[in-house]
Amino acid sequence: MQLTPEIIRRGLDAAIEQAEKGWSEGGIPIGSALLDESGAVVAAGHNMRVQSGDPTAHAEVSCIRNAGRRRDWRRLTLVSTLSPCPMCSGTAILFKVPRVVIGEHRTFMGAEDWMRANGIQLTLVDDARCIALMERLQREKPDLWAEDIGE
């Protein structure tokens, strides 16, 4: 699959919509989407840690859970508003997702080197909307942000 600007935008728009949903629910504004080979969104999810009380309910994990049982992981693309943490990166590695699109990594750098070392193609967008979501979280709810990254 070739990641065209249109496909990247479609995935990132879906992930941002999820991040905004999480924020509106009182949670952490991180969203994720999973795209098939045509660029269609097959699943989406947002960080549900606050809402569910589940510390593993990160956006990428929620998205992959929402995708259900599949056999086409090696043909999908995972899109996240924020650089995936080690747990979420490990999930992408485990299911052999070949491509990950990252909305931004200025506010948090995840396990990008580990994903690359495992053959995952990364595309960094550096999207202003994604940066604004995380900067707002860090400014308005610093304790929640610290909890989410394990501090």
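Refer to the preceding data block for the structure.
It should be emphasised that the depicted structure is a prediction, and the values quoted were computed from it without experimental measurement.

With respect to the sheet that holds strand E3 (residues 77-80)
- Spatially, the 5 strands line up as an open sheet ordered E2-E1-E3-E4-E5, and their pairing is mixed. Edge positions in the open sheet fall to strand E2 (41-46) and strand E5 (121-124), since each of these has one partner strand only. Ignoring strand direction, the axes of neighbouring strands in this sheet form an average angle of 15 degrees.
- Bridge count for strand E1 (residues 31-35) against E2 is 5 bridges, and the pairing is antiparallel. Bridge pairing in E2 links glycine 31 to histidine 46.
- Relative to E1, helix H1 (residues 5-24) is tilted by about 145 degrees, and along the sheet it contacts E1, E2, E3, strand E4 (99-102) and E5.

Some remarks on the packing of aromatic side chains
- In total, this model carries 2 aromatic pairs according to the counting rule given.
- Centroid distance tryptophan 73 to phenylalanine 95: 4.8 Å. Interplanar angle 40 degrees. Geometry classified as tilted. Here tryptophan 73, found in the loop between helix H3 (59-67) and E3, pairs with phenylalanine 95, found in the loop between helix H4 (86-94) and E4; they are 22 residues apart in sequence, far enough to count as distant.
- Residue classification places tryptophan 73 among the buried positions, given a relative accessible area of 9%.
- Judged by relative accessible area, phenylalanine 95 falls into the partly exposed class, the value being 31%.
- Between lysine 141 and the ring centre of tryptophan 23, over which it is positioned, the NZ or CZ distance is 4.6 Å.

With respect to the pairing of E3
- In E3, alternate side chains face the same way, and those of Thr77 and Val79 on one face and Leu78 and Ser80 on the other are all buried.
- In the sheet, E1 pairs with E3 via 4 bridges, with the strands oriented antiparallel. Each residue of the ladder has a partner; that of serine 32, found in E3, is serine 80.
- Two strands pair when backbone bridges link them, and E3 and E4 are joined in this way by 4 bridges, in the parallel orientation. Its bridge partner being in E4, valine 79 is matched across the sheet by valine 101.
- What joins E3 to E4 is H4, and the crossover it makes is right-handed.

Thresholds, definitions, all that
- Residues numbered from 1 in each chain as written.
- Predicted model: local features only at pLDDT ≥ 70, side-chain atom pairs only at ≥ 80, totals over all residues.
- Heavy atoms only, no water.
- Pairing = 2+ DSSP bridges.
- Helix = DSSP H or I, 4+ residues; strand = E, 2+ residues; numbered from the N terminus.
- Axes fitted to C-alpha atoms, helices over the stretch in contact; angles between N-to-C directions.
- Contact = heavy atoms within 4.5 Å.
- Phe/Tyr/Trp six-rings, centres within 6.5 Å; stacked < 30°, edge-to-face > 60°.
- Buried < 20%, exposed > 50% of the residue type's maximum accessible area, 1.4 Å probe, protein only.
- Lys NZ or Arg CZ within 6 Å of the ring centre and 35° of its normal.
- Right-handed = clockwise from strand over helix to strand, strands pointing away.

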